[in-house]
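Chain by chain, the residues run as shown.
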Amino acid sequence: MISPPGLPVKHLDKWHQFSKFIDAGKGDNFSGMSELKRYFHRFGYLDADDNFTDTFDDTLETAVLSYQKKLGLPITGILDSDTVAQIMSPRCGVSDNTNRKHKIHVTKHYAFFNGEPRWRKPDKSDTWTLTYAFSDNHFINYLSYFDIRAAFQRSFSRWASTIPVNFTEVDDYRKADIKIAFYRGDHGDGVPFDGVLGVLAHAFSPENGRLHLDRDETWAVDLKSSKSNVAVDLESVATHEIGHILGLAHSSVKEAIMYPSLGPRTRKVDLKMDDVKGVQKLYGSNPNFRYTPSMESDISSGIRFGRGRWVTSLVLLVGALKWVGAQQIVEGGLRMAYRRERETEGSRRLKWGRREKGTFC
Ligand SMILES: [Zn+2]
Ligand SMILES: [Zn+2]
């Protein structure tokens with residue numbers, strides 16, 4: 001077995017600098033605040049601006065309020081420790097606010113992409129059949145192909161049990177509806193990956209079908225056998241990204257699969273009623289769908305974040321550690337997330353133009 005990639009901490013350096021903003025609020029001025037504004041812009045909370053300043057201004061306050069609402073945090077309008085911890089967490093690359101024009105409307109449940117795109121129903125059929133394939137060239141080799149396939153099969157089948165959609169694996173990558181690949185850094189779709197943690201994966205709205213995983217993550221199919229502190233559970237991320245492929249955007253329900261963040265060494269694969277309701281609104285219900293108690297959202301079912309430990313980590317961060325080991329951060333209970341590069345979206349659209357129907361996120 002080949003070892004997983006090493007543990008560069010490039011992204012950690014970048015997002016860690018946000019720890020110095022703890023307790024900052026309107027009117028404060030901090031060197032590097034413009035970088036935080038770019039972060040909010042990337043994930044859909046701030047409009048593009050070529051000249052972001054280092055001042056905590058009205059627009060940043062609005063962004064922080066919207067972010068706190070969307071992520072289910074206490075709504076304070078300041079960069080309290082919970083908010084900063086969430087911002088620093090690794091996450092999905094898809095923007096959180098996909099129906100935004102200027103005003104952010106946050107609903108307390110599932111969400112769709114702009115225009116509510118979904119896969120077209122084939123003629124004369126009550127069910128959809130979507131094919132999927134794995135890239136030969138852009139793949140990882142430290143997990144067995146068999147295990148990766150099995151993880152995806154389980155992820156697909158969870159969604160298929162709720163809606164009248166079948167997923168079938170095929171060999172022809174180019175012709176498959178859903179194209180699954182592991183990419184590192186800039187990979188030509190305008191939304192580059194960023195190394196270990198940070199952004200973990202992203203997927204495109206219907207009917208684009210691209211599902212990309214950050215090759216620099218330490219992917220795991222069995223967390224018990226993976227020793228890495230930054231191991232990311234492949235099946236959890238696959239299940240989330242398939243939700244995007246089907247047309248779901250990020251949910252504000254913390255326990256939902258479609259919540260934008262998930263901690264390393266965390267397994268979160270059960271669909272919640274929020275996910276089920278959302279996807280059934282797009283495709284209708286599978287006649288064989290059965291409700292199970294695991295679909296209820298409650299604190300005991302999903303991710304549990306050790307707030308106390310987080311605070312400890314943040315204190316350490318603020319204290320003196322220039323480089324905070326991935327281990328400490330992970331122990332703090334990092335949540336993950338995904339990102340969208342709005343700056344590059346324009347150029348991506350130009351680049352992909354008419355060939356690519358789906359929009360990113
Ligand atoms: Zn996502
Ligand atoms: Zn990509």
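Residues numbered from 1 in each chain as written. Chains lettered and ligands numbered in written order. Predicted model: local features only at pLDDT ≥ 70, side-chain atom pairs only at ≥ 80, totals over all residues.

Looking at an unreviewed UniProt entry, one finds the chain named Peptidase metallopeptidase domain-containing protein and attributed to Mikania micrantha.

### Section: the overall build of the chain
A count of helices and strands for the chain gives 10 helices and nine strands. Across the 361 residues of the chain, 45% fall into the buried class. Of the contacts made within the chain by residues no fewer than 6 positions apart, 73% connect residues no fewer than 24 positions apart. (Helix = DSSP H or I, 4+ residues; strand = E, 2+ residues; numbered from the N terminus. Buried ≥ 20, exposed ≤ 12 C-beta atoms within 10 Å, placed from the backbone. Contact = placed C-beta atoms within 7 Å.)

### Quick look at unusual backbone geometry
Following Pro 206, the chain continues into Glu 207 via a peptide bond in cis, with omega recorded as 0°. Structurally, Glu 207 can be placed in the loop between β5 (201-203) and β6 (210-214). Although it is not a glycine, Glu 116 adopts a positive phi angle of roughly 50°. Considering the arrangement of structural elements, one finds Glu 116 in the loop between β1 (91-92) and β2 (128-134). We classify Glu 116 as partly exposed; it has 14 C-beta atoms within 10 Å. With a phi close to 55°, Leu 197 is a non-glycine residue in the positive phi region. Here Leu 197 shows up in the loop between β4 (178-183) and β5. According to the C-beta neighbour criterion, Leu 197 is buried, with 29 such atoms within 10 Å.

### Concerning the UniProt feature "binding site: Ca(2+) 1" (unreviewed entry) in the chain
According to UniProt, the "binding site: Ca(2+) 1" (unreviewed entry) feature falls on Glu 217. In this fold, Glu 217 is placed in the loop between β6 and β7 (218-220). When near neighbours in sequence (up to four residues on either side) are disregarded, Glu 217 contacts Val 196, Leu 200 and Val 232. (UniProt positions renumbered as here; feature names shortened; annotations may be inferred.)

### A look at the UniProt feature "binding site: Zn(2+) 1" (unreviewed entry) in the chain
Following the UniProt record, one finds the feature "binding site: Zn(2+) 1" (unreviewed entry) at His 187, Asp 189, His 202 and His 212. Across 26 residues in sequence, these annotated residues keep their C-alpha atoms within 12.1 Å of one another, forming a single compact spot. Inspection of the secondary structure puts Asp 189 in the loop between β4 and β5. Here His 202 falls in the buried class, since 26 other C-beta atoms lie within 10 Å of it.

### Some remarks on the pairing of strand β3 (residues 165-169)
Direction of pairing for β2 relative to β3: parallel, over a ladder of five bridges. The residue of β3 that forms the bridge with Thr 129 is Asn 166. You can see the chain leave β2, run along helix α5 (residues 145-160) and come back into β3, and the turn it takes is right-handed. (Pairing = 2+ DSSP bridges. Right-handed = clockwise from strand over helix to strand, strands pointing away.)

### Quick look at the packing of α5 against helix α6 (residues 234-246)
Closest axis-to-axis distance for the α5/α6 pair is 9 Å, and the angle between their directions is 45°. Of the possible angle classes, the one that applies to α5 and α6 is oblique. Where α5 crosses over α6, the handedness of that crossing is right-handed. Residues Ile 148, Ala 151, Phe 152, Arg 154, Ser 155, Phe 156, Arg 158 and Trp 159 of α5 form the contact with α6, whose own contacting residues are Leu 234, Glu 235, Ala 238, Thr 239, Ile 242 and Leu 246. Grouping the constituent residues of the contact of α5 with α6 by class yields nine nonpolar, two polar and three charged. (Axes fitted to C-alpha atoms, helices over the stretch in contact; angles between N-to-C directions. Parallel < 35°, antiparallel > 145°, perpendicular 65-115°, else oblique. Left-handed = near helix turned anticlockwise from the far one by under 90°. Nonpolar A, V, L, I, M, F, W, Y, C, P; charged D, E, K, R; others polar.)

### Section: the confidence of the model for the chain
In the predicted model, the chain carries a mean pLDDT of 81, and the fraction of residues at 70 or more is 76%. Contacts for the low-pLDDT stretch residues 1-9, under 50 throughout, to residues beyond four places or in other chains number 17 contacts. Every residue in residues 299-361 is under pLDDT 50, and counting partners more than four places away or in other chains gives 141 contacts. (pLDDT = per-residue confidence, 0-100.)

### Details of the environment of Arg 267
Structurally, Arg 267 is set in the loop between α6 and α7 (273-283). Taking the C-beta count within 10 Å as the criterion, Arg 267 has 15 such neighbours and is therefore assigned partly exposed. Placed 31 residues apart in sequence, Arg 267 and Ser 236 show a C-alpha to C-alpha distance of 5.9 Å.

### A few points about helix α2 (residues 33-42)
Turning to α2, its buried residues number three or more, namely Met 33, Leu 36, Lys 37, Phe 40, His 41 and Arg 42. Phi turns positive one or two residues past the end of α2, at Gly 44, with a value near 95°.

### Details of the sheet that holds β2
If you walk across this open sheet you meet the five strands as β3-β2-β4-β6-β5, and the pairing is mixed. Edge positions in the sheet fall to β3 and β5, since each has one partner strand and no second. In this sheet, neighbouring strand axes are inclined to one another by 20° on average, regardless of whether the strands run parallel or antiparallel. Those strands touched by α6 are β4, β5 and β6, and its axis lies near 25° from that of β5.

### Things to note about the environment of Ala 220
You can see Ala 220 is positioned in strand β7. The exposure class assigned to Ala 220 is buried, which follows from the 26 C-beta atoms found within 10 Å. Sequence spacing of Ala 220 and Ala 231 is 11 residues, and the spatial spacing of their C-alpha atoms is 6.0 Å.

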